[in-house]
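# Architecture at a glance
Read off the chains here:
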Amino acid sequence: MSITFQSGNNGLVMYALNCDWTGGDIGSTLDTGAECGLDCVNFSGCTHFTWSSYNGGTCWFKNNNVVGNAFYSSSAAVCGYTVAGQVAVPPVNQTLNPLVYITPRSWEDSLALAQSVVSQLTLEQKVALGSGLGWENINTPCVGQISNISSVGFPGLCLQDSPTGIRFAHNISAFPASINVAATWDTQLMYDNGRYMGEEARDKGVTTHLAPVANMMRTPQGGRIWEAQGADPFLTGVSVTNIINGVQSNGVQSTLKHFVANDQEAFRNSDPDHGDSFVDKKTLMEYYVRPFKMAIDNAGPGAIMCSYNQLNGLNACQNPAVMAILKDELKYEGYVMSDWWATGYGLPEISGPNSGLDMVMPGTQACCSSSLDQPFWWGATLVNDTIAGLVNVSRVDDLATRILTSWFRVRQDADFPVNNATNVNFNSWTPATEELNVQRNHAAHIRAVGAASSVLLKNDGVLPLTSKLTSITLIGSDAIYPPDGPNAGSDHGIAPSGTLAQGWGSGTTIFPYLIAPQDAIESVAAGLNIKVTNSSNNWDVEAATAAAAAADVSIVFGNSDSGEGYITVANFPGDRLNLTLWNNVDALVEAAASQGPTIVVIHSPGAVNMPWINHPNVSAVIMAFFPGQESGNSITDVLFGAVNPSGRLPFTIGHNDDDYVTRINFTDPNVTYSEGGYFDYRWNQKYNITPLFPFGHGLSYTTFTYANIAASAPSCTSSVNVTLDVTNSGSVDGHEVVQVYLAYPSSVTDEPAQQLKGFTRVLIAAGATQAVNIEITQDDIAVYDVATSSWVVPTGTYTVYVGASSADIRGTASFDSGPGCEVATTETSASSATSSATASASASGSATSSGSVSATGSVVVSSSVGYIAPSTIGSVVSNPGNLYSDAKSISFAGLAVVAVVMLM
Ligand code: BGC
């Protein structure tokens, strides 16, 4: 059967095959851009759409049941469509290359192969290997490109963002943000996320993927925190290691970025006020370099991207100390590329290569100017500088060798498919024409990660939703399909008009489709006979109140956006100016809660303020981050219990903007990391500040108990096994994330009290008990010794804290380690405790783990370094460092931590 649709206002005529289309006003929502919206009904069952006059591009269709991506092959004159959760249907005459998985060569073998090629290259060719071909050049379709050298069979390199997939390409998948990936605490999902992004990179001809990001969430205001993995170096290291291994299993190189201490957008590259991160060596190595070290040791990324900021006074990409950390201390054998135009200071042609930079990106011209009188970066200029003796030939040999070593390591010499760097299947700089659909079946994975990363922060039993409900209302524009489309704004740099599933900047991808919560919820609710209403105007609080009054349960959807600093959105210059939910959402929550049970779903790059959290009718809160294209399906799976939530916070949520150790100073380019490693939970623990939700927190629809916690190690220099039994003591199956925090021997005085050093996510059937083993390696334990510039394992007795969050410790064990320790002992200290137990009662004077602290006389809240933001502990606002002369009775409720006071 073939049905002719109405003609749209751009002259589009659409046909559908093999289905019963019952009509709809498609013309009313068409526009003339490359993307058009078709608002139809009853498309289910259709297998193909064709257009009689349409010159290609991506076309959207949407109805109550199906939201998908229609695509068009001009050569075959055939359209197809993909629907979330289904295998993609590529245009008929386009077939994907078979998937090819590789095992990387050893660095040693790769180096030997590279050296033999470099020995055949001219100086110009060696320099060309490290010189980008430019930006926005129609002949170089990737955001970064290296020319081919045909004499040695090198096809060139195509470098393309992003952590959410393949930027600027079409018919790709929009993967979840990395903060979601980290929030799963699941190493397999991390690996799979890399593997599937790598498949799409390979299919599109991307040789070098510009991800993942290992920068730290030093402050929740950081604009790019959603591109990275949270506030802990160990969790970050595990996440990026697995992502890289997944990507590189396809023979695609990963680029781990941005090295180093690039943790905010403010002043990121504004010469002459070029931001400068001042970080002492120990802090730098243990918190900011450690995740890079873990990835170098355990995955071996093809490239590492140095960052925009200065480190301790010198531009990171022209900074010998930065390069020495990578190449001398960490023994990194791949290549270091610059961030885009990050070598814009001083004499980049000389200082870059001489400091150890191997590749300049994007090359050709200085930032943001197409003027041809700019010096070539590097190209001919570096050739001349080398001939003039300003740069050593051996340095040029080295950079060329490193670039080819990484190329050989992932076997791009043997295996890379037809769509190679000179024949990529997209062009970043032109409107989409015909592009391979490379989504394969990745939608299922994306949906699963979206659900697995949803963190259930609070639940009084309202969730999961059941068929006992008769009505739900969805409040807030974040519930709906974006009226402006999901791809409005260059790199999504525009205030969201509907649901938000990515931030803005180079970390984005073009959504092939986006499932809005409203569509997915309506579809499931229909099957359960639950009526769904909505109120999506955030400024109409009266309407929200009325909708809430008429429904059994309200679900308020709210968001907060952030991104890369080259775009300002709603006055937010990349970094977030504050942590308030956007567009009046706090008022909507209050309005809904005034009427009855209210669930709040948050789409945000990180922490937001929740001033309504203690309202008795705020029954549940879910932090869903930026889940990508399957957003609506993922959250619906969690809301209705198809997926039992197991996401855990990869950072701490404070009570308000001031409840974090660091805030971005928008007027001072010099950023001193004076807090050392004491940010996020390490700060909360040091000063016994109870956050709103602690690092590692997340609830389930079931409960787990821990027993038989023990630690053992065969020798002083071996890995440690932490073992325990976990029982699912509830009535539904679920994943538990067991977390291991380490305390150093008492002789070590400059390490935080507890640091994450191990975790595992296990699926346990209701009523079942599972033995869990978590290995902590010597590398994980090692601390950085500044005097010897080396990593050492302190000798002595270590304590492990095993728990369900950083503040919900269920038991402890200890082991001995380090050179010269006696044979390790095994010690068990119990506990099948089900609630928070450990008091880090480090206070002198009077302190206790829960309940209340009474102090008479003068009280000073423990603090030593710098400015610590005030925080609320119970009814007392304590400002660490401040002296309180009145008698205080400090009471507090919360998840574990204590008020630490010293009596004077
Ligand atoms: C970003 C990088 C990105 C590069 C290329 C820069 O602005 O900082 O993360 O890979 O652009 O798009």
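The structure reproduced in this document is the subject of the present report. Everything numeric in this text was worked out from a predicted model, so none of it was measured. (Residues numbered from 1 in each chain as written. Predicted model: local features only at pLDDT ≥ 70, side-chain atom pairs only at ≥ 80, totals over all residues. Heavy atoms only, no water.)

### Overview of the overall build of the protein chain
- Across its full length, the protein chain carries 18 helices and 40 strands.
- Counting only residues that meet the buried cut, the protein chain has 63% of its 904 residues in that class.
- Long-range contacts, defined here as pairs at least 24 residues apart, represent 73% of the contacts in the protein chain between residues at least 6 apart.
- Roughly 29,200 Å² of accessible area belongs to the protein chain as shown, and the carbon and sulfur atoms make up 51% of that amount. (Helix = DSSP H or I, 4+ residues; strand = E, 2+ residues; numbered from the N terminus. Buried < 20%, exposed > 50% of the residue type's maximum accessible area, 1.4 Å probe, protein only. Contact = heavy atoms within 4.5 Å. Areas by Shrake-Rupley, 256 points an atom, 1.4 Å probe, with all protein chains shown as cover.)

### Side note on the sheet that holds strand E12 (residues 276-278)
- Ordered by their spatial adjacency, four strands build an open sheet running E15-E14-E12-E23, and the pairing between neighbours is mixed. Among the strands making up the open sheet, the edge pair consists of strand E15 (314-315) and strand E23 (670-672).
- Relative to E15, strand E14 (residues 310-311) runs antiparallel, the two being bridged by two bridges. Its bridge partner being in E15, Gln 310 is matched across the sheet by Asn 315. (Pairing = 2+ DSSP bridges.)

### Brief notes about helix H4 (residues 187-204)
- Taking 1.5 Å per residue, 18 residues should reach 26 Å; H4 reaches 26 Å between its end C-alpha atoms and fits that length.
- The residue sitting at the N-terminus of H4 and contributing the capping side-chain oxygen is Asp 186; that oxygen lies 2.8 Å from the backbone nitrogen of Gln 188.
- Directly after H4, the chain includes Gly 205, whose backbone phi takes a positive value near 95°. (Expected span 1.5 Å × (residues − 1). Polar contact = N/O pair within 3.5 Å; in protein donor to acceptor, adjacent residues only side chain to side chain.)

### Structural notes on unusual backbone geometry
- Of note, the amide linkage connecting Lys 257 to His 258 takes the cis form, showing an omega dihedral of -5°.
- Note that His 258 resides in strand E11 (residues 253-259).
- The omega angle of the peptide bond from Met 361 to Pro 362 is 0°, so this bond is cis rather than trans.
- Look at Asn 688: it is not a glycine, yet its phi comes out positive at around 50°.

### Quick look at the nonpolar core
- Within the largest apolar cluster, 78 residues are counted, with the highest numbers of intra-cluster contacts made by Met 337 and Trp 340.
- Considering every element that reaches this core, the biggest residue donor is helix H6 (residues 281-298), with eight residues.
- Filtering out sequence-adjacent residues up to four positions away, Trp 340 remains in contact with Trp 135, Val 143, Gly 144, Leu 159, Leu 210, Met 305, Tyr 308, Met 361 and Pro 362.
- Counting 39 residues, the second-largest nonpolar core is a separate cluster that includes Met 217, Leu 500, Val 618 and Phe 693. (Core = buried A, V, L, I, M, F, W, Y, C linked by side-chain atoms within 4.5 Å.)

### Things to note about the site of the ligand
- Within the structure, the ligand sits among 13 residues, and Asp 161, Arg 224, His 258, Asp 339 and Glu 564 are positioned closest to it.
- Here an oxygen atom of the ligand and a side-chain polar atom of Asp 339 are 2.6 Å apart.
- Taking 310 Å² as the accessible area of the ligand by itself, protein coverage stands at 96%.
- Looking at side-chain class alone, the shell around the ligand contains four nonpolar, two polar and seven charged residues. (Near = heavy atom within 4 Å. Nonpolar A, V, L, I, M, F, W, Y, C, P; charged D, E, K, R; others polar.)

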